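For reference, the chains in residue letters:
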Amino acid sequence: MTDDVRNIVLGVIAAGVSAALGWLARTYLWRRELRRKQDFFGLPSHSECLLVVNRDPGTDGSVHRHDVFALLELSALIKDCDAHAQILSHDAARQGFGERTEYCVGGPGSNRRAAAHLRALLPGIRVNTDREPGPDRASFSIGTEHYPLVKGVLEHVLLARLSIGADARPVFLLCGQRAIDNQAAARYLTRNWRKLARTHRGSTFCLLLKVVNSDAYGPDVVELVADVTRIARTPAPAALPDAEHATG
């Protein structure tokens, strides 16, 4: 074998080894990222989860289009985790939590399941569910702070990951003042899950987000107002006469 042939053979072998090592490294990193994502979202491979959807109270019971968009964004991340989703209406999801991961979309005024989760897991939050027009309609009360709805200009949404134990599957709650805010929360969750996973390390959290100028920007401009986990998990004083508790 001449030196030239030997050099060519060695070059081919080196290129093959480099390609194999690169593929193994990329595969390792991809699998590690997938495991992190599955752990955060509570979605092991081939697992089942629930998508609990509300009903638009202003219609004959159909799902608002922005809630449909939120479901689509959540469905995409569920598929990325190699899991499967079952879609249930809020009034048909009569079961406990912790056995299967759950994504609950909508506020207590249109989603009974969300109302139950707020009462059981986030008792420090009040949501005004009065359907009559008024300045406090759909407002949030968290501790001593009050967050009114300024439709199309400044709106709020709760994004929570709730767990009752280390071995229990989490419940993700997307509770907005309007349907577009639910979509904004879903988008924020899919875009920022890595940061949330690092910050909260798989524990329960409840974030208050604000959706800025949805009339102009839709669900895209979302800002973190505060981490309200501690306050939200502390039972609130009795509700004022003009504000209905979130689970009322």
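Each residue is numbered by its place in its chain's sequence as written, counting from 1. A pLDDT threshold of at least 70 governs which residues receive local features in this predicted model, and a stricter bar of 80 or more applies before side-chain atom pairs are shown or counted, although totals over entire chains, interfaces and linings include all residues. Computation of side-chain values: all heavy atoms of the structure, hydrogens and water removed.

J.: Just checking my understanding: could you explain the pairing of strand β8 (residues 171-176) for this structure?
T.: Along any regular strand the residues' side chains alternate between the sheet's two faces. Only protein chains enter the area calculation, which uses a 1.4 Å probe; residues under 20% of their type maximum are buried, those over 50% are exposed, and those in between are partly exposed. Under the DSSP-based scheme used, a helix requires at least four consecutive residues in state H or I and a strand at least two consecutive residues in state E, with every element numbered from the N terminus. In terms of burial, β8 is a largely internal element, 6 of the 6 residues being buried. The alternating pattern of β8 places V171, L173 and C175 on one face and F172, L174 and G176 on the opposite face, and all of these are buried. Paired strands are those between which DSSP finds at least two bridges. In terms of strand pairing, strand β3 (residues 101-105) meets β8 through 4 bridges, oriented parallel. Bridge pairing links V105 to L174 in β8. Bridging between strand β7 (residues 154-162) and β8 involves 6 bridges; their strand directions are antiparallel.

J.: Please explain the sheet that holds strand β2 (residues 84-89) as it appears in this structure.
T.: The pairing of strands in a sheet comes from backbone hydrogen bonds and takes either a parallel or an antiparallel form. On the basis of which strands lie adjacent, the open sheet formed by 7 strands has the order β2-β1-β3-β8-β7-β9-β10 and mixed pairing. Of all the strands in the sheet, just β2 and β10 (222-227) have a single pairing partner and so form its edges. For this sheet, the mean inter-axis angle between neighbouring strands, taken without regard to orientation, is 20 degrees. Relative to β2, strand β1 (residues 48-53) is paired through 6 bridges, and the arrangement is parallel. Considered in β2, the bridge of V53 is made with S89. Helix-sheet contacts for helix α3 (residues 112-121) involve β1, β3, β7 and β8, and the interaxial angle to β3 is about 110 degrees. Sitting on the sheet, helix α4 (residues 179-200) is in contact with β3, β7, β8, β9 (205-212) and β10, with an inclination near 45 degrees to β7. Comment: axis = line fitted to C-alpha atoms, over the contacting stretch for helices; angle = value between 0 and 180 degrees taken between N-to-C directions. We call two residues in contact when some of their heavy atoms are within 4.5 Å.

J.: Looking at this model, I keep getting lost on the packing of aromatic side chains. Mind explaining?
T.: Aromatic ring pairs are described here by two measures, namely the spacing of the ring centres and the angle between the planes. Stacked, edge-to-face and tilted are the three classes for Phe, Tyr and Trp ring pairs, Trp counted by its six-membered ring, which pair at centre distances within 6.5 Å; planes under 30 degrees apart are stacked, over 60 edge-to-face, the rest tilted. The tally for this structure, following the rule as stated, stands at 7 aromatic pairs. When the ring of F41 is compared with that of W193, the centres are 6.1 Å apart and the planes differ by 55 degrees; the resulting orientation is tilted. With a gap of 152 residues between them, F41 in helix α1 (residues 3-41) and W193 in helix α4 connect regions that are remote in the sequence. Each member of the pair, F41 as well as W193, is classed as buried. Three or more aromatic residues link up through ring pairs in this structure, and these residues are F40, F41, Y103, F172, W193 and F205.

J.: Help me understand the confidence of the model for the protein chain in this model?
T.: Reading fine detail from the predicted coordinates is not recommended where pLDDT is low. The pLDDT value tells you how sure the predictor is about a given residue, anywhere from 0 up to 100. Across the protein chain, pLDDT averages 87, with 87% of residues at or above 70. By mean pLDDT, α1 is the weakest element of the protein chain at 75, and β9 is the strongest at 97. Counting contacts from residues 239-248, a segment whose pLDDT is below 50, to residues more than four positions away or on other chains yields 23 contacts.

J.: When you look at the environment of A160 in this model, what are you seeing that I'm missing?
T.: Along the chain, the position of A160 falls in strand β7. Separated by 45 residues in the primary sequence, A160 and F205 place their C-alpha atoms 5.5 Å from one another.

J.: Explain the sheet that holds strand β6 (residues 145-147) here, please?
T.: Judged by pairing direction, the sheet is antiparallel, and its 3 strands sit side by side in the order β4-β5-β6 without closing on themselves. Sheet topology places β4 (125-127) and β6 at the edges, where each strand pairs with a single neighbour. Averaged over all pairs of adjacent strands, the angle between strand axes in this sheet comes to 15 degrees, irrespective of strand direction. Bridge count between strand β5 (residues 140-142) and β6: 3 bridges; the pairing is antiparallel. Each residue of the ladder has a partner; that of I142, found in β6, is E145.

J.: Any chance you could explain helix α2 (residues 65-80) here in plain terms?
T.: Residues spaced three or four apart along an α-helix face the same direction, because each turn holds 3.6 residues. Expected helix span is given by 1.5 Å per residue-to-residue step, counting one fewer step than there are residues. The terminal C-alpha atoms of α2 lie 23 Å apart, and with 16 residues this matches the ideal 22 Å at 1.5 Å per residue to within 8%. Those residues of α2 that fall on the buried side of the exposure criterion are H66, D67, A70, L71, E73, L74, L77 and I78. The arc that holds every buried residue of α2, seen down its axis, measures 160 degrees, which confines them to one face. Seen from the buried face of α2, the exposed residues on the opposite side, beyond 90 degrees, are R65, L72 and K79. After α2 finishes, the residue D82 shows a positive phi value of roughly 60 degrees. This arc corresponds to the set of directions leading from the helix axis out to the C-beta atoms.

J.: Is there a simple way to explain unusual backbone geometry in this structure?
T.: Leaving glycine out, the prevailing phi sign among residues is negative, and the prevailing peptide bond configuration is trans. Positive phi outside glycine occurs at H46, with the angle close to 70 degrees. Mapped onto the secondary structure, H46 falls in the loop between α1 and β1. For N213, which is not glycine, the phi dihedral falls at a positive 50 degrees. As for its position among the elements, N213 is in the loop between β9 and α5 (214-217).

J.: Would you explain the environment of D56 in this entry?
T.: Of note, D56 is situated in the loop between β1 and α2. Judged by relative accessible area, which is 18%, D56 ranks as buried. Taking C-alpha positions, D56 is 9.9 Å from R178, a pair spaced 122 residues apart along the chain.

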